[in-house]
Amino acid sequence: MTRPRTADGLLHHARALGLDRWEAQRLLEHLSGHNRTWWVMHGDEPLAEALIDAFWHACQRRSAGEPLAYVVGEQEFHGLTLQVTPAVLVPRPDTETLVDWALTCLPALGPRPRIVDLGTGSGAIALALRHRWPSAEVVAVDISAEALAVAQGNGARLGLPVDWRLSHWWDALAGERFDLIVSNPPYIAEDDPHLPGLRHEPLGALTPGGDGLDAYRHILAGVGEHLAPGGWVLFEHGWDQAPAVQTLLTQASLRNVQSRADLAGHLRCSGGQNP
Ligand code: GLN
């Protein structure tokens, strides 16, 4: 196929590959550094070979199913621009529900609440909370050194101090207590038919294996040691897991167990409070 030489031609090509209009525009803006308005004026001019190559390559990646966030290397989350690589899950708008809920809990948790984000990935939740609640002391852990490097880079770039620790859940946190425990752990069941569609993202961030609930069991086993009196545990979970996660929270002796819906109306987060 002969390659188009203008932006208009490339955008047309991208649509033919199955990219939607918004994505194709986003790629062009990202790779060229020129915004949409600029391209309206210059869409019929011949482009530099390097830009054509880069756009062509990016379109192939996207049309092969790679998330746009990996192709452009960044994703917006709760008003922050985060860099992302295939070492981390792409932050989802659903997870903003967890951040918003956490922000409503913080005012009652003292002047300098201690927060821990378990399985932080890109650092999305930890950074959004530190950004919106600067008096909080935020610790964030991940089992993946590669993921933690991405999170650390985001914190440095955004000027948001978070205490990053390489840790399998509580392992590196012996004896430490928190007023707020937040986590978007791997929760997809091993045999979930959606899993193959997420093949570009790290499997360990998506599924803990089995019924998808093991990460909650593991985290809740540490609540007695790590949750301060009056503190909250808030989890994100799958669209159909609220009853199961609520049961686990109740079995961990937490009270005020409740759930919150995401923008699509699915109960996406559940949490409970230490008596
Ligand atoms: N929200 C992701 C999805 O369903 C899964 C994230 C996770 O397992 N924590 O695509």
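Residues numbered from 1 in each chain as written. Predicted model: local features only at pLDDT ≥ 70, side-chain atom pairs only at ≥ 80, totals over all residues. Heavy atoms only, no water.

Draft legend 1. View of the overall build of the protein chain. Regarding its fold elements, the protein chain presents 12 helices and 9 strands. When contacts within the protein chain are restricted to residue pairs at least 6 apart in sequence, those whose partners lie at least 24 apart make up 64%. For the protein chain, the centre of its 21 positive side-chain charges and the centre of its 32 negative side-chain charges are spaced 4 Å apart. (Helix = DSSP H or I, 4+ residues; strand = E, 2+ residues; numbered from the N terminus. Contact = heavy atoms within 4.5 Å. Lys, Arg positive; Asp, Glu negative; His and termini not counted. Charge placed at Lys NZ, Arg CZ, Asp CG, Glu CD.)

Draft legend 2. Just the site of the ligand, in detail. Residues in contact with the ligand, as listed here, are Leu 89, Arg 92, Asn 184, Pro 185, Pro 186, Tyr 187, Ile 188, Leu 198, Ala 205, Leu 206 and Glu 236. In the environment of the ligand, a nitrogen atom lies 2.8 Å from a nitrogen or oxygen atom belonging to the side chain of Asn 184. A distance of 3.1 Å is found between an oxygen atom of the ligand and a backbone nitrogen or oxygen belonging to Leu 206. More than half of the atoms of the ligand fall within 2 Å of the grid points belonging to the second largest pocket. (Near = heavy atom within 4 Å. Polar contact = N/O pair within 3.5 Å; in protein donor to acceptor, adjacent residues only side chain to side chain. 1 Å grid on protein atoms, 1.4 Å probe; cavity = no way out; pocket = protein on both sides within 12 Å on 5 of 7 lines; lining within 4 Å. Sits in = over half its atoms within 2 Å of the grid points.)

Draft legend 3. Main features of the pattern of salt bridges. What the rule picks out here adds up to 16 salt bridges. With its nearest N and O atoms 3.3 Å apart, the salt bridge here joins Arg 26 to Glu 74. Here Glu 74 lies in strand β1 (residues 74–77) and Arg 26 lies in helix α2 (residues 21–32), a separation of 48 residues in the sequence. Judged by its relative accessible area of 22%, Arg 26 falls in the partly exposed class. Owing to a relative accessible area of 25%, Glu 74 belongs among the partly exposed residues under this scheme. The shortest N-O distance in the salt bridge between Arg 36 and Glu 29 comes to 3.4 Å. We classify Arg 36 as partly exposed; its relative accessible area is 40%. By sharing partners, the salt bridges in this structure join Arg 114, Glu 137, Asp 163, Arg 165 and Glu 176 into a single network. (Salt bridge = Lys/Arg side-chain N within 4 Å of Asp/Glu carboxyl O. Buried < 20%, exposed > 50% of the residue type's maximum accessible area, 1.4 Å probe, protein only.)

Draft legend 4. Main features of the UniProt feature "domain: Methyltransferase small" (unreviewed entry) in the protein chain. In the numbering adopted here, UniProt assigns the feature "domain: Methyltransferase small" (unreviewed entry) to residues 105–190. Taken end to end, residues 105–190 is 28% helix and 24% strand, and its first and last C-alpha atoms sit 32 Å apart. (UniProt positions renumbered as here; feature names shortened; annotations may be inferred.)

Draft legend 5. Expanded view of the packing of helix α1 (residues 7–16) against α2. At a closest axis distance of 9 Å, the pairing of α1 and α2 adopts a crossing angle of 135°. When the axis of α1 is compared with that of α2, the two are oblique. For the crossing formed where α1 meets α2, the hand is right-handed. Contacts between α1 and α2 pair Ala 7, Leu 11, Ala 14 and Arg 15 from the former with Arg 21, Ala 24, Gln 25 and Leu 28 from the latter. When the residues that make up the contact of α1 with α2 are grouped by side-chain class, the tally is 5 nonpolar, 1 polar and 2 charged. (Axes fitted to C-alpha atoms, helices over the stretch in contact; angles between N-to-C directions. Parallel < 35°, antiparallel > 145°, perpendicular 65-115°, else oblique. Left-handed = near helix turned anticlockwise from the far one by under 90°. Nonpolar A, V, L, I, M, F, W, Y, C, P; charged D, E, K, R; others polar.)

Draft legend 6. Structural view of the nonpolar core. One finds Ile 115, Leu 129, Trp 164, Leu 180, Val 182 and Leu 234 to be the most contacted residues of the largest nonpolar core, which totals 31 residues. If you list the elements that add at least two residues to this core, you get β2 (80–83), α6 (94–105), α7 (124–132), β4 (137–142), α8 (145–158), β6 (178–183) and β7 (227–236). Ignoring any residue separated from it by four or fewer positions in sequence, one finds Leu 234 in contact with Leu 98, Trp 101, Ala 102, Cys 105, Leu 180, Ile 181, Val 182, Ser 183, Ser 270 and Gly 271. The next biggest cluster of nonpolar side chains, apart from the first, holds 27 residues, and it includes Trp 169, Trp 170, Leu 249 and Leu 254. (Core = buried A, V, L, I, M, F, W, Y, C linked by side-chain atoms within 4.5 Å.)

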